[in-house]
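# Examination of the molecular architecture
Chain residues, written in single-letter form:
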Amino acid sequence: MLFNSLYFLFQYLPLVAFVFLALSRYRRQISILLRTLERNIGCACLALASLYFYAYWDVTYIFLLLGSIILNYKTGCWISMIRDSNKARAKTLLIRAVACNLLTLAYFKYFVFFTTSFNSLFGTSFPLFTIILPLGISFFTFTQIAFLVDVYQGKATEFNFIHYLLFVTYFPHLIAGPILHHAQMMPQFKRLEKFEINWDNLVIGISFFTIGLAKKVFIADTCAGFSTPIFDAAKAGKLIPFVDSWLGAYAYSLQLYFDFSGYCDMAIGISYIFNIRLPYNFNSPYKAVNIIDFWRRWHITLSVFLRDYLYIPLGGNRQGKWRRYANLFITMLLGGLWHGAGWTFILWGALHGLYLVINHGFHAFREKMGWKHGMWSLPGRMLGTGVTFVAVMIAWVLFRSENMLSVQTMLSCMTGGNGFSLTPVYIYHCPLLMHPLLIPGFILIWAMPNTQQLLGIHDTSDTETGTITGIPPWWMWVFIGTLLGAGIIQLLLAQMHGKTSEFLYYQF
């Protein structure tokens, strides 16, 4: 089910919100019949709605999801019971549970890729068969691995099954993130007052959702109309004019930015409606002054997961400079593989690993030379932001390309392999500086505040301390109302032409 579908907007979300608020309002009366559910009635409502949300895509895989939840929950309870009395046994259980999760993920997501690669490398002919990738499997797998590790370390101590079920299945994050942490969500599920009507949260939630919807339907989907023909041509091995190759990469950079940012805003907005705060997963990453800064801003919860559960266990920066660089590279390499089963994703992760090694190496060189950390002037910061964006945009070519031929063609044309013609072929015929993607994209990304800044929300990843610092002015609500109306009209027109598109991160 898509957040930008009319069914979700006009049927699913209003019905779930109405039932949730109605049950919350009359929970004490309901508790006379279902006394044990008084404190869990809101969670139970959202958990059932989330299971339906997932089953709407393919009811078959609801059993995979439920089986994964039950097994991980029971294993977590078992580890918690014996952690203090039998540490070795608890560690064995943890290793087996994590391995089981990863093997399940590997089967559904990587079996065909690994088998095809093995057959190609060694000339074997192991049979291939079609495997449908369950939606969100990477997200609910990583979420539960983090839970198991936290239980083993004594960080997770709350084992209410209804809360855990909602923690894993909560529909705003289930399909495309963010990756939730047990400690962020369980306190929110426990507090009874969270299941009461909060008009401020309701208004903020609708605002977040509307801005995210506008990013998706007006900007991301429009940019797709520019980037897709160019990458399709590259996939077919066609030579692309120099300016088209760069504008295609730029258009995809904008498409992915506003698609993912739009999804994150919509997920946060939906959660505000239910008085639940998701961690921010996106913080103006193209404003980053270097690659380190970029990964603190892009897909924040994935970066935190990779740091806490992969980079640090590998040794982090505790075993010398060169081991640190190796750990960074391995972490990003596996982060690339997490995004998709293909050599293009692996190379994308490797390239970002190389970027991070260079960035950290430069920082070490700067410290050795005695250069102050804050020495950079505004022009220097602007240069750093520009270089970072170009580096990220080149890496997105690997991320977007469907095969190595497409990568080779795009990068060759971007470096002048097909000449340096400035005449567009695959996109609108207009002077380069007047291209409709250039100036608006620049203004929206680098000159405008992000959504949380626009609405006066101050929060990072802490769902407990985020605050609304003031009620936005009246003109902001007029703007939000206009955006919502225009977005619904755009969706109606798109659905009439059969053009409603899914979010890009659904495939990961």
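Residues numbered from 1 in each chain as written. Predicted model: local features only at pLDDT ≥ 70, side-chain atom pairs only at ≥ 80, totals over all residues. Heavy atoms only, no water.

### Details of the overall build of the chain
Looking only at helices and strands, the chain features 20 helices and two strands. For the chain, contacts bridging at least 24 residues in sequence account for 76% of all contacts bridging at least 6. Carbon and sulfur atoms make up 67% of the accessible area of the chain, which totals about 23,500 Å². (Helix = DSSP H or I, 4+ residues; strand = E, 2+ residues; numbered from the N terminus. Contact = heavy atoms within 4.5 Å. Areas by Shrake-Rupley, 256 points an atom, 1.4 Å probe, with all protein chains shown as cover.)

### Details of a nonpolar patch on the surface
A contiguous nonpolar patch, built from Ile439, Phe442, Ile443, Leu444 and Met448 and spanning about 450 Å² of accessible area, is present on the exposed surface. Tracing the sequence through the fold places phenylalanine 442 in helix H18 (residues 438-447). (Patch = residues over 30% accessible without salt bridge, like charges linked within 9 Å, V, L, I, M, F, W, Y side chains within 5 Å. Salt bridge = Lys/Arg side-chain N within 4 Å of Asp/Glu carboxyl O.)

### Concerning the nonpolar core
Where a protein is soluble and globular, its nonpolar side chains tend to be buried together. Judged by nonpolar contacts, the single largest core of 153 residues is most densely connected at Phe8, Phe274 and Trp396. Sorting elements by how many residues they give to this core places helix H11 (residues 242-273) first, with 18 residues. Among all residues touching tryptophan 396, those that are not within four sequence positions of it are Tyr252, Ser253, Leu256, Tyr286, Phe294, Trp298 and Trp348. (Core = buried A, V, L, I, M, F, W, Y, C linked by side-chain atoms within 4.5 Å. Buried < 20%, exposed > 50% of the residue type's maximum accessible area, 1.4 Å probe, protein only.)

### Considerations on unusual backbone geometry
If you check the backbone angles, serine 284 has positive phi at about 45° while not being a glycine. When you line up the elements, serine 284 lands in the loop between H11 and helix H12 (291-295). The backbone of histidine 299 sits at a positive phi, close to 45°, despite the residue not being glycine. Mapped onto the elements of the fold, histidine 299 is located in the loop between H12 and helix H13 (300-314).

### Re helix H15 (residues 343-369)
Think of an α-helix as 3.6 residues a turn; residues three or four steps apart then line up on the same face. With 27 residues, H15 extends 39 Å between its outermost C-alpha atoms, agreeing within 8% with the 39 Å of an ideal straight helix rising 1.5 Å per residue. Taken from the residues just after H15, glycine 370 is the one with a positive phi, measuring 80°. (Expected span 1.5 Å × (residues − 1).)

### Focus on the packing of aromatic side chains
For the structure on display, the rule yields 63 aromatic pairs. Judged by centre distance (5.6 Å) and plane angle (25°), the ring pair of tryptophan 57 and tyrosine 61 falls under stacked. Note on tryptophan 57: relative accessible area 30%, which makes it partly exposed. A cation over a ring is seen here: lysine 87 above tyrosine 152, with NZ or CZ 4.7 Å from the ring centre. (Phe/Tyr/Trp six-rings, centres within 6.5 Å; stacked < 30°, edge-to-face > 60°. Lys NZ or Arg CZ within 6 Å of the ring centre and 35° of its normal.)

### Topic: the packing of helix H4 (residues 62-82) against helix H7 (residues 161-169)
Where H4 meets H7, the axes come as close as 11 Å, and the angle between the chain directions of the two elements is 130°. With respect to H7, the element H4 is oriented oblique. Viewed along their axes, H4 and H7 form a crossing whose handedness is right-handed. In this structure, H4 contributes Leu65, Leu66, Ile69, Ile70, Asn72 and Tyr73 to the contact, and H7 contributes Phe161, Tyr164, Leu165, Val168 and Thr169. Within the contact of H4 with H7, the residues separate by chemical class into nine nonpolar, two polar and no charged. (Axes fitted to C-alpha atoms, helices over the stretch in contact; angles between N-to-C directions. Parallel < 35°, antiparallel > 145°, perpendicular 65-115°, else oblique. Left-handed = near helix turned anticlockwise from the far one by under 90°. Nonpolar A, V, L, I, M, F, W, Y, C, P; charged D, E, K, R; others polar.)

### Considering the environment of leucine 310
Looking at where leucine 310 falls in the secondary structure, it is placed in helix H13. Exposure remark for leucine 310: the relative accessible area of 19% places this residue in the buried category. In contact with leucine 310, not counting residues within four places along its chain, are Phe305, Thr331 and Leu334.

### Focus: the confidence of the model for the chain
Counting all residues, the mean pLDDT for the chain is 84, and 87% of those residues have values of 70 or more. At the low end of the mean pLDDT range in the chain sits strand E2 (residues 467-468), at 48; at the high end sits H12, at 95. Note that pLDDT drops below 50 for residues 460-467; the model gives that stretch 21 contacts with residues more than four away or on any other chain. (pLDDT = per-residue confidence, 0-100.)

### Side note on the pattern of salt bridges
A full pass over the atoms with the stated rule returns eight salt bridges. Where aspartate 84 meets arginine 83, a salt bridge forms, and the shortest distance between an N and an O atom there is 3.7 Å. Judged by relative accessible area, aspartate 84 falls into the exposed class, the value being 70%. The exposure class of arginine 83 is buried, given its relative accessible area of 14%. Here lysine 216 and aspartate 259 are joined by a salt bridge, their closest N and O atoms 2.6 Å apart. Residue lysine 216 is located in helix H10 (residues 199-235), and its partner aspartate 259 is located in helix H11; the two are separated by 43 residues in the primary sequence. One exposure class covers both lysine 216 and aspartate 259, and it is buried. Bridged by salt links that share partners, the residues Lys216, Asp221 and Asp259 form one connected network.

### Topic: the packing of H15 against helix H16 (residues 378-400)
Running from N to C, H15 and H16 cross one another at 160°; their axes reach a closest spacing of 8 Å. The orientation of H15 with respect to H16, classified from their angle, is roughly antiparallel. Where H15 approaches H16, its residues Thr344, Phe345, Leu347, Trp348, Leu351, His352 and Tyr355 are matched on the opposing element by Ala391, Val392, Ile394, Ala395, Trp396, Leu398 and Phe399. When its residues are assigned to classes, the contact of H15 with H16 shows 12 nonpolar, two polar and no charged.

### Quick notes on the side chain of asparagine 450
Mapped onto the secondary structure, asparagine 450 falls in the loop between H18 and helix H19 (451-454). Ignoring anything within four residues of it in the chain, the contact list for asparagine 450 reads Asn283 and Ser284.

### Here we look at the environment of arginine 307
With respect to the helices and strands, arginine 307 occurs in helix H13. Note: C-alpha distance between arginine 307 and methionine 332 (25 residues apart in sequence) is 9.9 Å. Leaving out residues up to four positions away in the same chain, arginine 307 has contacts with Ile312 and Pro313.

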